[in-house]
Every structure is written in C-alpha cells, then in structure tokens.
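Residues per chain, in single letters:
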Amino acid sequence: MAVPASRSIVEPADVARARRAVADVARHTPVLPSLTLSERTGTDVVLKAESLQRTGSFKIRGALNKLAALGDRCARGVTAGSAGNHAWACAQAARSRGVPCEVFMPVEAPLSKMEGCRALGAVVHVGGASVDECVVLARARAQEAGMAFVHPFDDADVIAGQGTLGLELLDDVPDLAKVVVPVGGGGLSSGVAIAVKSQRPDVEVVGVQGESVAAFPESMRRGEPVAVSSALTIADGIAVKRPGELTLPLVQRWLDDVVVVPEADVAEAIVMCMERAQLVVEGAGAVGVAALLGGQTTAAPSGTTCVVLSGGNVDAGLLATVARRHETEAGRRLVMFTRVPDRPGSLARLLVLVGEAGANLIHVEHLREGIDLHVRETAVQLTLETRGREHAGDVIRCVREAGYDTDVMA
C-alpha cells in the first residue's frame, strides 16, 4: 500500500477548497452499479460515470479550480494545450467565468472535441503531433498575449480540482475498498488518491494506462519522467508521452500500482460500457474496465470496487468502427468472399441461399479486378449479420455445401 509522506505539493485541504470552487459548474456525477463486472469478478463493482460530467469529462474540475486560484490574473484570458478534454473544459470554465480562451489541439484530436471548444467561444488552434507539443504552443501564446496558461495535469491547482471526484466517492460509496482510475499525465489519479487515501488509507487506488503510450511504469522504476514515443491509440485522452514533474512523485507516493492494458481490450471495454451499462465512454475512460476484464488488476475481495469512467467524448465514426469490430469478433458480423459464374441470376441464387440460412445481408460488392478470376466468373464479397458464432458457422457450411468455394475474411 502506498504510504503518504508528511507533506505533499497537494494537501487534502487543497482538495476541500477546490470542491467549493467548482461546485457551481461541475456536476456531482452518479455512481452506477455494474452487474456485468460484479458477476465476472464475484464482488461489488460500481462505475463513477464522469462521462456524464459537463463537457463530457472530469477535466472541468481542474480547469475551474485553476481559474479560481488565478483570480484577476486570468482577466486577459487563458490558454491550454490538450488532446481535447482539457481544452473543452478550459473553454467551458473560461466562458463560465467570463474570460477569453484559446486552445491548442493535435492534428489527430477528435473533431467532436474541437467543435465542442468552438461552440463555447474558444479560439481553436490545430497543430502539433502530440499533447506535449500543444502544451509548448499554448505556453508560448500565453507569454506572448499576457494570458494565463492552464496545464492539463502538471499543476497543483488542477490536481486538487481533479481530486474533488475522490471526495464524491467517499460520500457515495460507504464501503469503498478500491478505486481503478485512468492515468494520462497523472493529475486525475493523484488527485483522487490524495482525496481518498488521506481519509481512508486502507482504500487501494490503482492507475491504468494504455500500452501504446504507457510512460508511467518505466518512469516509476527510474524515479524520473521518461518519455515514450508517440503511438496510435484509441485512448487519445490519456496519450501523454511523459509524466509531469509534479504528478510523477505524487503517483509514486499515493497510488498502490499502475497497470497497462492492450488496445484491443480497451476497444472491447468501450463496447461493454455501451451494451451493458448504456454509457458512451471514450477509450481513455474505458481503460479501467479493460483492466478488470483483462485481469491486469482485480476487484477488492470485500467492499466495493469503483471504476472511474473519466470521459465520454468519442467521435461517432470511431464508435461505429469499434462496434463493427466487436460484432465481427463476436461472430455476429460475417464477411465472406466467393466466386460465382458471370451470368444473369448467379448472384441472386447465392443471396437466396444465404437468406434461407437465416443471415441478413448488409452489403454486397462485385470484385472484377485485381483478383485471379476466370473470364467467365466474378468475385463477390458479402457482409452478413448473423446470430452468433454457431449461426455464422452454419451459414458458411451451407454455402460451401452448395458448391461455392468460400473464404471468411478476418
């Protein structure tokens, strides 16, 4: 168990003050029971639905507390560099406090987050390959324009603001035994751990990172921030290449462990939240669910384990892609490739056969070029909806027994 030091850069009293500073805008988000996770783990598991927070993530807490701490020093406005959630939160916080806001976001940031910032009146600058580069640009803009810079995680006021989520857990979960929380830059995880463990040192707090951008494990081993290479990740909200100078020692001091989950597991966790909990959760917000499902961490044997769903801002296109991938892996979506004679009625006969097998046709495509075909035949790719793996196998068998040489596409 992590043991708090006698003095920290962020104290429990800072978190208590932050709660008052953010209360007029930030929502007290619900804690929802998860029957699926409880059944799979054999103990009580609940979800802290911060995905339902204003602007769709926990970030509004830290942004509001930072503006409160700045007071008149942010009268000329604020700047921020972010993959999206922090930028959106700063835009909302700035609007609620009546000050200008400019945000810098990576080229690959989700469009929904960019549009969310613009809708709140923020000036959005798109550029930079990573959050780190955007932070540099935002800091430079603040110096140039006399604005206040709001760091996404490596700031004591921001960390204290994020810690208000932990106070809500203490209020809402009397038998709280474990908290599983996403880790990007470390602001949320350290803030929550400070809030929870300063009152309940027996509660275990475990952080979770996606394997594509997991900077904390090696940094914790070395005792200094270690950068990782940029990588394609579904968890863009926690795609931070390097821990903060403030957050690394706080995570080391207050968290019990930091674990890493594969990208594929994060995708499955998004679908589980959508199908079983009726919650739209982004990749960064779903890593805690992925860790419980994948066994990288376990639920507490007694008491309640809480998984923090830190955000729900996911582009509809990505959500559709993840859902299609899940349907394919679950056997409910089947893509078949075969050949038919190139004469009238051939495709119709194949489709009748598929229909009689009980499959629903989603898409059909003729492929005549780039494939080794007889001059009298054409290739056909069918995308079908089935009732599961067993039914998909029956459909494939039916087609093959009818004489079609059929390949199943991964």
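The rules behind each value
Residues numbered from 1 in each chain as written. Predicted model: local features only at pLDDT ≥ 70, side-chain atom pairs only at ≥ 80, totals over all residues. Heavy atoms only, no water. Helix = DSSP H or I, 4+ residues; strand = E, 2+ residues; numbered from the N terminus. Contact = heavy atoms within 4.5 Å. Areas by Shrake-Rupley, 256 points an atom, 1.4 Å probe, with all protein chains shown as cover. Lys, Arg positive; Asp, Glu negative; His and termini not counted. Charge placed at Lys NZ, Arg CZ, Asp CG, Glu CD. Core = buried A, V, L, I, M, F, W, Y, C linked by side-chain atoms within 4.5 Å. Buried < 20%, exposed > 50% of the residue type's maximum accessible area, 1.4 Å probe, protein only. Axes fitted to C-alpha atoms, helices over the stretch in contact; angles between N-to-C directions. Parallel < 35°, antiparallel > 145°, perpendicular 65-115°, else oblique. Nonpolar A, V, L, I, M, F, W, Y, C, P; charged D, E, K, R; others polar. Pairing = 2+ DSSP bridges. Right-handed = clockwise from strand over helix to strand, strands pointing away. Expected span 1.5 Å × (residues − 1). Arc of directions from axis to C-beta. Salt bridge = Lys/Arg side-chain N within 4 Å of Asp/Glu carboxyl O. pLDDT = per-residue confidence, 0-100. Polar contact = N/O pair within 3.5 Å; in protein donor to acceptor, adjacent residues only side chain to side chain.

Draft legend 1. Expanded view of the overall build of the protein. Of the regular secondary structure elements, the protein holds 16 helices and 14 strands. In terms of overall dimensions, the protein has a C-alpha envelope of 80 × 50 × 40 Å along the principal axes. When contacts within the protein are restricted to residue pairs at least 6 apart in sequence, long-range pairs at least 24 apart make up 73% of them. Carbon together with sulfur atoms contributes 50% to the accessible area of the protein, which is approximately 17200 Å² in total. Charge separation in the protein, taken as the distance between the mean sites of 41 positive and 49 negative side-chain charges, equals 4 Å.

Draft legend 2. Local environment of the nonpolar core. Within the largest apolar cluster, 34 residues are counted, with the highest numbers of intra-cluster contacts made by Val289, Val307 and Leu309. Not counting residues up to four positions away in its chain, the partners in contact with valine 307 are Val45, Val46, Leu47, Lys48, Val180, Gly288, Val289 and Leu292. Counting residues in hydrophobic clusters, the runner-up holds 33 residues, among them Ala18, Ile159, Ile194 and Leu250.

Draft legend 3. How the structure looks around the packing of helix H1 (residues 12-22) against helix H8 (residues 164-172). Between H1 and H8, whose axes approach to 9 Å, the crossing angle comes to 95°. Our classification of the angle between H1 and H8 gives roughly perpendicular. For the pair formed by H1 and H8, the contact residues are Val15, Ala16, Ala18, Arg19 and Val22 on the first element and Thr164, Leu167, Glu168 and Asp171 on the second. Classifying every residue of the contact of H1 with H8 by side-chain character gives five nonpolar, one polar and three charged.

Draft legend 4. Quick look at the pairing of strand E8 (residues 204-210). The buried fraction of E8 is high, at six of seven residues. Pairing of strand E7 (residues 176-182) with E8 involves five bridges; the strand directions are parallel. Bridging across to E8, valine 179 finds its partner in valine 205. What joins E7 to E8 is helix H9 (residues 187-197), and the crossover it makes is right-handed.

Draft legend 5. A look at helix H16 (residues 389-401). In this model H16 runs 18 Å from its N-terminal to its C-terminal C-alpha over 13 residues, within 8% of the 18 Å that 1.5 Å per residue would give. For H16, the full list of buried residues reads His391, Ala392, Val395, Ile396 and Val399. The buried side chains of H16 occupy one side of the element, clustering within an arc of 140° when seen end-on. H16 presents Arg389, Glu390 and Glu401 as exposed residues on the side facing more than 90 degrees away from its buried surface. Contact partners of the buried residues in H16: strand E11 (333-341), helix H15 (346-356), strand E13 (377-385) and strand E14 (407-408).

Draft legend 6. Structural detail: the environment of glycine 71. Examined against the element boundaries, glycine 71 turns out to sit in the loop between helix H3 (59-70) and strand E3 (78-81). Distance in space between the C-alpha atoms of glycine 71 and arginine 97 is 9.7 Å, their sequence separation being 26 residues.

Draft legend 7. Region of interest: the pattern of salt bridges. Tallied over the full model, the rule gives 23 salt bridges. Residue aspartate 236 is joined to lysine 113 by a salt bridge in which the shortest nitrogen-to-oxygen separation is 3.1 Å. Highlighted residues: aspartate 236 in the loop between helix H10 (216-222) and helix H11 (247-254) and lysine 113 in helix H5 (residues 111-119), separated in sequence by 123 residues. Lysine 113 matches aspartate 236 in its accessibility class, with the two residues each being buried. Salt bridges sharing partners connect three or more residues here, namely Lys48, Glu50, Arg61 and Glu168.

Draft legend 8. Structural detail: the confidence of the model for the protein. Confidence in the prediction of the protein, expressed as mean pLDDT, is 92, and 97% of residues score 70 or more. Taken as a whole, residues 3-7 scores under 50 in pLDDT and shows five contacts with residues more than four places along the chain or in a different chain.

Draft legend 9. Quick peek at the packing of helix H12 (residues 263-276) against helix H14 (residues 316-329). As a packed pair, H12 and H14 sit with axes 9 Å apart at the nearest point and diverge in direction by 95°. With respect to their mutual orientation, H12 and H14 come out roughly perpendicular. Contact with H12, carried on its side by Ala264, Ala267, Glu268, Ile270, Val271, Met274 and Glu275, involves Leu319, Val322, Ala323, Arg325, His326, Glu327 and Glu329 of H14 and no other residues of that element.

Draft legend 10. View of the side chain of histidine 86. Relative to the helices and strands, histidine 86 resides in helix H4 (residues 85-97). Those residues within four positions of histidine 86 in sequence are excluded, and the remaining contacts are Lys59, Ala80, Gly81, Val150, His151 and Pro152.

Draft legend 11. How the structure looks around the side chain of aspartate 155. Tracing the sequence through the fold places aspartate 155 in the loop between strand E6 (148-149) and helix H7 (156-162). Within the local environment of aspartate 155, its side chain forms a polar contact with the backbone nitrogen of valine 158, the two atoms lying 3.1 Å apart. Aspartate 155 has contacts with Lys66 and Leu246, leaving out every residue within four places of it along the chain.

Draft legend 12. Quick look at the sheet that holds E11. Read from one edge to the other, the open sheet built from four strands follows the order E12-E13-E11-E14, with strand pairing classed as antiparallel. Both outer strands of the open sheet, strand E12 (360-367) and E14, are each paired with one neighbouring strand and no more. One ladder, built from two bridges, connects E11 with E14; its direction is antiparallel. Opposite phenylalanine 337, over in E14, you have aspartate 407 as the bridge partner.

Draft legend 13. Layout of unusual backbone geometry. Even without being a glycine, threonine 55 presents a positive backbone phi close to 70°. As for its placement among the helices and strands, threonine 55 is situated in the loop between strand E2 (44-49) and H3. Unusually for a residue other than glycine, glutamine 278 sits at a positive phi of about 55°. On the secondary structure map, glutamine 278 appears in the loop between H12 and helix H13 (283-294).

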